[in-house]
Amino acid sequence: MERENFSSRLGFILISAGCAIGLGNVWRFPFITGMYGGASFVLIYLFFLLILGLPIMVAEFSVGRASCRSAALSFDVLEPKGTKWHLYKYGAIAGNYILMMFYTTVAGWMLYYFYKMAVGSFAGLDAKGVGALFGGLLGDPLTMTFNMVLTVIICFGVCLLGLQAGVEKITKTMMLCLLMLMLALAANSMFLPGAEAGLKYYLYPDFSKAFDKGISEVIFAAMGQAFFTLSLGIGALAIFGSYIAKERSLTGEAVFITILDTAVALISGLIIFPACFSFGVKPDSGPNLLFVTLPNVFNAMPWGQFWGALFFLFMIFASYSTVIAVFENITACIRDLTGWSRSKTIYINIVLIILLSMPCVLGFNVLSHIQPLGPGSCILDLEDFFISNNLLPLGSLVYLLFCTQRYHSRNNPPVGHSGGIGSGVPDDQPRCPHSGYGQRFGSDYRRSLLRIPERGLVALQPQPVRGGILLLALDARREKGLRPDGLRRILLLQPQTFDLVRHPFLPGAEAQSGRRGLPFHSQRRE
């Protein structure tokens, strides 16, 4: 199966940022920033983003690039023999599915509200009427199902077009439009009458708020936001790491993505707080902020219908970019495990995601009596709890431990050094075109970087031959013979002292010189 790649560095950065940028940037970050002391909280948040979020992101990218696989097989490829790191693939895949079980429903709300705002359904409604409209949406399973299904079909449709023509091209366009919409909305909000009070509440360093709330609580909130804002721990970013070229610095790319994610979160506050304070509306948090508070603000604002429609279009781009990125990861995981085509994988997952999303949809109406986390909770809260409080932190810990674990023997370098995750893969595992090169295998072999599309293998020190690529193929771990069935594990090696040989998988391939070379069973020339 030929490995796809991004066509540009900008595409990779914007798609990875789109995966990280989501609803939490809009309905959580601005609220807790204002509540915990404005700029003083932002400084604490940025500190933890630097020491927690950034290293974990680099770890995910490292595993993805070194393995050239999704989370479904990345640990299988890289783990030392006899270890059990690969078992986490089930947690990573489950995390992606559970996230989409409720995220597609909320993204469907954005689609519904964009339509309602664009056609003027909020015109003339007071605060109570706006709240009743949101309550009516939650109580209508058919409307929510329709918008959820439409979201799933649209986003998987983008993935169906392929990595470059679909995911990269469309997500890149959405993210650029998202950034322009944000700047326009922020400029409009900051120049509203009375916006200064909102800006002061949001950005003025007020350490008294931090002391009032308790320093430990503020630190915990900053750590939590830094940890969860980047969608880490379930392999959602690792898949894009597998598309990073070896020339790119993993840390450099991670810094760009983190800056974009933080900028979107900060600008969201510049949209929300000046507008709320300008019209005397108390800012709320969570879904009520988006679906009750802000529609009331837009109702009171000149050209409110226009600005409201732009805001929910921005929210569609933010939520859909995350859904598309996670769908791409799900598609890659299932393809790695099954060998299915992209189209077959996507068609099956469209049906599967729709079915898995129905409990969340029905949890607000038909199944509202199910309150798994206590009175007032719903099925969405349970699914969010599994992801935010369990799989994301535990998964991030797995990636960090894996990338820092010295699993090589004392004669081999540790992970992150020569032959490790940071520059390639362990010496007993296959490499891919994006990994580092020039590594040594023992004292006789040199690695190289070319994939054999005909067999989905990796060629080492490839030489041009008539009819394909030829190289000696050995089991690098045992140094004896071929493993014809080991398409994921097998290494193709060229001993420095060997002549060119026939390639058994490509009958008829010969060296350009016409020499047949050594017999295939030859092991070493003394």
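The structure we're discussing is the one just above.
Keep in mind it's a predicted model, so treat the numbers as computed, not measured.

This brings us to the packing of helix α9 (residues 163-190) against helix α16 (residues 304-338). Packing of α9 against α16 brings their axes to within 9 Å, and their N-to-C directions diverge by 150 degrees. Comparing the axis directions of α9 and α16 gives the class roughly antiparallel. In this structure, α9 crosses over α16, and the sense of that crossing is left-handed. Together, L163, V167, T171, M174, M175, C177, L178, L181, M182, A184, L185 and N188 of α9 and W307, L310, F311, L313, F314, F317, A318, Y320, S321, I324 and E328 of α16 make up the contact between the two elements. In the contact of α9 with α16, the residues fall into 19 nonpolar, three polar and one charged.

This part covers the layout of surface pockets. One number sums up the size of the largest pocket: a volume of about 940 Å³. Listing elements by their share of the lining of the largest pocket, those giving two or more residues are α1 (9-20), α2 (23-27), α6 (88-118), α7 (127-138), α12 (215-228), α15 (287-300) and α18 (379-404). Per element, the largest residue contribution to the lining of the largest pocket is eight residues, and it comes from α18. Here the lining of the largest pocket is built from residues that sort into 21 nonpolar, 13 polar and three charged.

So, on to the nonpolar core. Residues F311 and F327 are the most contacted members of the largest nonpolar core, which totals 149 residues. Counting residues per element, this core draws most heavily on α16, which supplies 20 residues. In contact with F327, not counting residues within four places along its chain, are M100, T104, V152, C155, F156, C159 and I353.

Moving on to the environment of L382. Within the secondary structure, L382 sits in helix α18. Expressed as a C-alpha distance, the spacing of L382 and C360, which sit 22 residues apart in the sequence, is 9.5 Å. Filtering out sequence-adjacent residues up to four positions away, L382 remains in contact with P372 and L373.

What counts, and where the lines are drawn
Sequence order sets the numbering: in each chain, residues are counted from 1 along the sequence as written. The predicted nature of this model means local features are confined to residues of pLDDT at least 70 and side-chain atom pairs, given and counted, to a pLDDT of 80 or more, with totals for whole chains, interfaces and linings taken over all residues. Each side-chain value is worked out from all heavy atoms of the structure, with water and hydrogens disregarded. Every axis in this analysis is a line fitted to C-alpha atoms, fitted for helices over the stretch in contact. Angles between the N-to-C directions lie between 0 and 180 degrees. By the criteria applied, helices consist of DSSP H or I runs no shorter than four residues and strands consist of E runs no shorter than two, each listed in order from the N terminus. In what follows, roughly perpendicular refers to angles from 65 to 115 degrees, roughly parallel to angles under 35, roughly antiparallel to angles over 145, and oblique to any angle outside these ranges. The handedness criterion is simple: a crossing whose near helix is rotated anticlockwise from the far helix by less than a right angle is left-handed, and one whose near helix is rotated clockwise is right-handed. Here, residues are in contact when the closest pair of their heavy atoms is within 4.5 Å. All amino acids are sorted into three groups, where Ala, Val, Leu, Ile, Met, Phe, Trp, Tyr, Cys and Pro are nonpolar, Asp, Glu, Lys and Arg are charged, and the leftover types, Gly among them, are polar. Only protein atoms enter the calculation, which uses a 1 Å grid: trapped sets of points that fit a 1.4 Å probe without letting it out are cavities, open sets showing protein on both sides within 12 Å along at least five of seven lines are pockets, and any residue with an atom within 4 Å of a point is a lining residue. Grid points are joined across faces, edges and corners, and a volume is the space filled by probe spheres set on the points. The definition of a nonpolar core used throughout is a set of buried Ala, Val, Leu, Ile, Met, Phe, Trp, Tyr and Cys residues joined through side-chain atoms within 4.5 Å. Exposure classes here rest on a 1.4 Å probe applied to the protein chains alone. A residue is buried below 20% of its type maximum, exposed above 50%, and partly exposed in between.

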